[in-house]
Amino acid sequence: MKKILIIGAGGQIGSEMVPFLRSIYGPSNVIATDVRECKSLAEDGPFEVLDALNATNMASVVARHHVDTIFNLVALLSAVGERNPQMAWGVNMGALMNSLEVARQHHCALFTPSSIGAFGPSSPKDKTPQDTIMQPTTIYGICKVTGELLGNYYNHKYGLDTRSIRFPGIISNKTLPGGGTTDYAVEIYYDAIKRGKYTCAVPRDVYMDMIYMPDALKAVVELMEADPAKLRHRNSFNIASMSFTPEIIAAEIKKHIPEFEMSYDIDPVKEEIARSWPNSLDDTCAREEWGWQPDWNLERMTVDMLDAVRRKFEAEKAAAE
Ligand code: SER
């Protein structure tokens, strides 16, 4: 990776991926793009407004900057996708097809995230294997499975260097996720600091895999830098670091904020989605093929998240005064 193009850079992953990649590869070598202006990403490196559904403009950015690696981070997430499946398909698959075609024509490597949402109710629930039944029941998951198959296809048919990770719910403190089923695990920290309580839309007993953003960023760079000869999977890799329920994360927060209160107001759409996803993934293939190993667990992440969100909240309060 020498010249990297990030598409959808203003979202939850991109807003942290861009600074992370710029710190490794140099600010001028990471071109951030999004459908909207993003001031913070334009401050320390190249930024362009780019609609990922416009293949001509995407190709022009790639050619102008001599890009060799594309990160396609455009996606409507699971819960919001169920409100408008046609739009979710149009955006998620449109951005992916354009990225695949531009990458093919300009000889770029391509990273696209997949998700735990690529699995469905008929997949094994615990330690879900790398290669297993994938019959998701959300449009988001259907886009992810299709994307995985296309990544594999472009690699097989055209020799395109496609790489992907099935991300668990990503927990971060810079940009909020929007419209996902795992969003509760981010919102809970904000509400714990700001209000001392949180109303959770996901039932107390549902396990889902989660990952802290620093581990997610590290995983992507390690995968993209991995020896291609060692990668047997070109669809996408399971990775795992922690799996918990709303009740478990609430108990962890209570260790630091004893007065924290959790209540539940279940969103039936999120409940159905959450119950259809795995409890935990088996990440053996990622460990074996490119050395994946997480650094963070729930205990350490909670300390870090509460500290970061508290500092953010205090800075906002000070700025408002
Ligand atoms: N975080 C995503 C969602 O909840 C899953 O990849 O939709």
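These notes cover the structure that comes with them.

The rules behind the values
Residues numbered from 1 in each chain as written. Predicted model: local features only at pLDDT ≥ 70, side-chain atom pairs only at ≥ 80, totals over all residues. Heavy atoms only, no water. Core = buried A, V, L, I, M, F, W, Y, C linked by side-chain atoms within 4.5 Å. Buried < 20%, exposed > 50% of the residue type's maximum accessible area, 1.4 Å probe, protein only. Helix = DSSP H or I, 4+ residues; strand = E, 2+ residues; numbered from the N terminus. Contact = heavy atoms within 4.5 Å. Near = heavy atom within 4 Å. Polar contact = N/O pair within 3.5 Å; in protein donor to acceptor, adjacent residues only side chain to side chain. Pairing = 2+ DSSP bridges. Salt bridge = Lys/Arg side-chain N within 4 Å of Asp/Glu carboxyl O.

### Quick look at the nonpolar core
- Residues Ile6, Phe71 and Trp290 are the most contacted members of the largest nonpolar core, which totals 37 residues.
- Elements supplying a minimum of two residues to this core: β1 (4-7), α1 (14-25), β2 (30-34), β5 (109-111), β8 (165-167), α8 (213-225) and α11 (284-290).
- For this core, the element with the highest residue contribution is α8, accounting for eight residues.
- Setting aside anything within four residues of it in sequence, one finds Phe71 in contact with Met1, Ile4, Leu5, Ile6, Ile7, Met17, Leu21, Phe111, Val220 and Met224.

### Let's talk about the site of the ligand
- Taken together, the residues surrounding the ligand are Leu77, Ser78, Ser115, Tyr140, Gly180, Thr181, Thr182 and Trp277.
- With respect to the ligand, the backbone of Thr181 contributes an N or O atom lying 2.6 Å from an oxygen atom.

### Remarks on the pairing of strand β4 (residues 69-72)
- By the alternation rule, side chains of β4 split into Thr69 and Phe71 and Ile70 and Asn72, which are all buried.
- Bridging between β1 and β4 involves four bridges; their strand directions are parallel. By the bridge assignment, Ile6 is partnered in β4 with Phe71.

### Observations regarding unusual backbone geometry
- Of note in this structure, His107 is not a glycine but carries a positive phi near 55°.
- For His107, a relative accessible area of 69% gives the class exposed.
- Here the phi dihedral of Lys127 falls at roughly 50°; this positive angle occurs in a residue that is not glycine.
- When you line up the elements, Lys127 lands in the loop between β6 (114-115) and α6 (139-158).

### Here's the deal with the pattern of salt bridges
- All told, the structure shown has 15 salt bridges when counted by the stated rule.
- Residue Asp161 pairs with Arg163 through a salt bridge whose shortest N-O separation is 2.8 Å.
- Judged by its relative accessible area of 24%, Asp161 falls in the partly exposed class.
- The shortest N-O distance in the salt bridge between Glu289 and Arg232 comes to 3.4 Å.

### Considering the environment of Glu187
- With respect to the helices, strands and loops of the structure, Glu187 is situated in helix α7 (residues 184-194).
- Using a relative accessible area of 31% as the deciding quantity, one classes Glu187 as partly exposed.
- Taking C-alpha positions, Glu187 is 9.5 Å from Thr199, a pair spaced twelve residues apart along the chain.
- Of the polar contacts made by the side chain of Glu187, one reaches the side chain of Tyr198; its length is 2.5 Å.

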